[in-house]
Amino acid sequence: MNNHLKPPHSDQFSIGMRNRLGDWNTSATVSRVLSYDGFALTLGNRFPDGSFWMNGGQPWGNGIPGFGSLILGGSGFERKTTEVLLSAEKPYTEQSGWGATFAYTFADAKQNHIHIDDCCAFDEETVKQYPIITSNAVARHRLVATGSLRGPWEMIFGGKLTVASPLPFTDLACGILKPNTYYPTGSSCTPISVTPLDAVGFSSLDLQVTKNFTVFGEQTAYVRVDLINALNSHNYKDISTTYGSGGVANPHPVRYNTIGNILGAPQTLRLTVGYKF
């Protein structure tokens, strides 16, 4: 069933500047992306009096007689993102024998749904009742630095450092109000977004060395050794939470679960042999 279905669309605005300072190429960009009318499924069931909420509960058992629950397809998901991107690059050249890049991104992302990949909005009567919360799609701060250096015997040494602040934690928080107390929509739960207290959300230093061998004409063989996450940084994915009470919507404290799943890879040594022709 169509429930005010509108085509999803996005408006993007950006302004930037590029400069060359000696051997370095630099750039600065500010970008604003506004996305509207993302597709969402909502619950069409209603209690006998026509209401969606009753004592904090939803009418999951009050579907269309003889058919079952009514699911409505409509529009309403929104995302708003502002990004600042700063970069500097010194290209690798045979003459200098080295190259480097630095890229920093600041992101302020908001959304009116719990998870970035949500398809459904069953936690409120309509999508418009969802609050705007900080998105869990992107870290607020992210720095990526790379470097390459020509070493002895024509070997190429390279490295990549990635550091990012923690991703916001989004969830549907229930049972944090006083008994028999509900939010203005009628729900006893509310979508929340909280950034973990950990200082760093992700960090990894990857190193590599490559040696090329000329076989015949343009055909080459190579040997590459990678040390992934050289410092064996502990990058966790899962969150440990303790919910507050008395109307406090934010779970506190919020920290990474040190015995949960991980992001990226643990310290890994990899050897690659290849042939190009």
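Here the residue numbering is sequential within each chain, running from 1 through the sequence in written order. Confidence filtering applies because this is a predicted model: local features only for residues at pLDDT of at least 70, side-chain atom pairs given and counted only at 80 or more, and all residues used for totals across whole chains, interfaces and linings. The side-chain figures draw on all heavy atoms in the structure; neither hydrogens nor water molecules are used.

Draft legend 1. Local environment of the nonpolar core. In this text, buried Ala, Val, Leu, Ile, Met, Phe, Trp, Tyr and Cys residues form a nonpolar core when linked through side-chain atoms within 4.5 Å. Exposure categories follow from relative accessible area, calculated using a 1.4 Å probe and restricted to protein chains: below 20% of the type maximum is buried, above 50% is exposed, and the middle band is partly exposed. F169, A173, I176, L177, Y183, I192, V194 and V254 form the largest nonpolar core, which has eight residues in total. Strands are runs of DSSP state E lasting at least 2 residues, helices are runs of H or I lasting at least 4, and numbering of each runs from the N terminus. Elements that contribute at least two residues to this core include exactly strand 9 (169–174) and strand 10 (189–194). If you look at the next biggest cluster of nonpolar residues, it comprises six residues, including A40, F77, V127 and Y130.

Draft legend 2. Looking closely at the packing of aromatic side chains. Stacked, tilted and edge-to-face are the three classes assigned to paired rings of Phe, Tyr and Trp, where Trp is represented by its six-membered ring and a pair needs centres within 6.5 Å; plane angles under 30 degrees give stacked, over 60 edge-to-face, the rest tilted. Enumeration over the complete set of coordinates arrives at five aromatic pairs. Taking 5.5 Å as the distance between ring centres and 85 degrees as the angle between the ring planes, the aromatic pair formed by W60 and F122 counts as edge-to-face. In this pair, W60 sits in the loop between strand 3 (24–43) and strand 4 (71–90) while F122 sits in the loop between strand 5 (98–111) and strand 6 (133–134), placing the two residues 62 residues apart along the sequence. On the accessibility criterion, W60 (41% relative accessible area) is partly exposed. Relative to F277, the ring of Y275 has its centre 5.9 Å away and its plane inclined at 40 degrees; by these criteria the two rings are tilted.

Draft legend 3. Structural view of the environment of P8. Mapped onto the fold, P8 is located in the loop between strand 1 (2–3) and strand 2 (9–21). C-alpha separation for the pair P8 and F169, spaced 161 residues apart in sequence, amounts to 26 Å. Note on contacts: a residue pair qualifies if any of its non-hydrogen atoms lie within 4.5 Å across the two residues. The contacts of P8, once residues within four sequence positions are left out, are Y36, D37 and G38.

Draft legend 4. Spotlight on the state of the cysteines. In what follows, a disulfide is any cysteine sulfur pair within 2.5 Å. All told, the structure shown has one disulfide when counted by the stated rule. There is a disulfide in this structure between C174 and C189, and the S-S distance comes to 2.0 Å. Residues C174 and C189 are joined by a disulfide whose S-S torsion is about 115 degrees; by sign, that bridge is right-handed. Taken together, the residues span a long stretch of sequence, with C174 in strand 9 and C189 in strand 10 at a distance of 15 residues.

Draft legend 5. Quick peek at the pairing of strand 4. Pairing between strands is defined by DSSP: at least two bridges between them are needed. Both strand 3 and strand 4 contribute to a ladder of 17 bridges, which runs antiparallel. The residue of strand 4 that forms the bridge with T26 is A88.

Draft legend 6. Quick peek at unusual backbone geometry. Non-glycine residue D37 carries a positive phi angle of around 60 degrees. You can see D37 is positioned in strand 3. Here N229, not a glycine, exhibits a phi torsion of approximately 55 degrees, which is positive. Structurally, N229 is set in the loop between strand 12 (219–228) and strand 13 (239–241). Its relative accessible area of 0% is what places N229 among the buried residues.

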